[in-house]
Amino acid sequence: QVQLVESGGGLVQPGGSLRLSCAASGSIFSFNAMGWYRQPPGKERELVAVITLGGTVNYADSVKGRFTISRDFAKHMVYLQMNSLKAEDTAVYYCTAGTQGRTSYRPSDYWGQGTQVTVSS
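Here the structure is a predicted model, which is why all the values come from computation and not from measurement.

The next point concerns unusual backbone geometry. Phi at histidine 76 takes a positive value of approximately 55°, unusual for a residue other than glycine. Tracing the backbone shows histidine 76 in the loop between β7 (67–72) and β8 (77–82). Phi is positive for serine 84, which is not a glycine, with a value near 50°. Position of serine 84 relative to the elements: it lies in the loop between β8 and β9 (91–100). The partly exposed category is assigned to serine 84, whose relative accessible area is 42%.

For the rest of this paragraph, the subject is the packing of aromatic side chains. Across all of its chains, the model carries four aromatic pairs by this definition. Judged by centre distance (6.4 Å) and plane angle (40°), the rings of tyrosine 37 and tyrosine 105 are tilted. Separated by 68 residues along the polypeptide, tyrosine 37 in strand β4 (residues 33–39) and tyrosine 105 in strand β10 (residues 105–111) bring together distant segments of the chain. For the pair formed by tyrosine 37 and tyrosine 105, the shared burial category is buried. Taken together, the aromatic side chains of Tyr37, Tyr94, Tyr105 and Trp111 make up a single cluster linked through ring pairs. One cation-aromatic arrangement involves arginine 19 over tyrosine 79; the distance from NZ or CZ to the ring centre is 4.2 Å. Its end group placed over the ring of tyrosine 94, arginine 45 keeps NZ or CZ at 4.1 Å from the ring centre.

Applying the stated criterion across every chain, the model contains four salt bridges. The residue glutamate 46 makes a salt bridge to arginine 38 at a minimum N-O spacing of 2.6 Å. A salt bridge links arginine 38 to aspartate 89; the shortest N-O distance between them is 2.9 Å. Residue arginine 38 is located in strand β4, and its partner aspartate 89 is located in the loop between β8 and β9; the two are separated by 51 residues in the primary sequence. Of the two residues examined, arginine 38 and aspartate 89, each falls in the buried class. Through salt bridges with shared partners, a single ionic network connects Arg38, Glu46, Arg66 and Asp89.

Thresholds applied
Residues numbered from 1 in each chain as written. Predicted model: local features only at pLDDT ≥ 70, side-chain atom pairs only at ≥ 80, totals over all residues. Heavy atoms only, no water. Helix = DSSP H or I, 4+ residues; strand = E, 2+ residues; numbered from the N terminus. Buried < 20%, exposed > 50% of the residue type's maximum accessible area, 1.4 Å probe, protein only. Phe/Tyr/Trp six-rings, centres within 6.5 Å; stacked < 30°, edge-to-face > 60°. Lys NZ or Arg CZ within 6 Å of the ring centre and 35° of its normal. Salt bridge = Lys/Arg side-chain N within 4 Å of Asp/Glu carboxyl O.

See below:
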């Protein structure tokens, strides 16, 4: 069993920053990667960023250069630093545990409850 709890969402103006946190507990090291997804209003869920146990990171093209994923093994935490936020970043953001294969990330059934990020003036 794995439990994931996100926090840090909120309302921010365009150009602003937020840091999302994901607290993980349980058998988290059964998975070789952690990822952040987001679901904009009325749209499908999309993968935003992934970090592996070895520290390899991957980002969606839409957030490259603006978002940074990181993890603290000792604290069982995963973070998503979001800078230069745009209106199109508005979404519910979810933390996941999963498997990074050679070419893609596959999330497990373990997801957090989500945290709302709204970018608006």
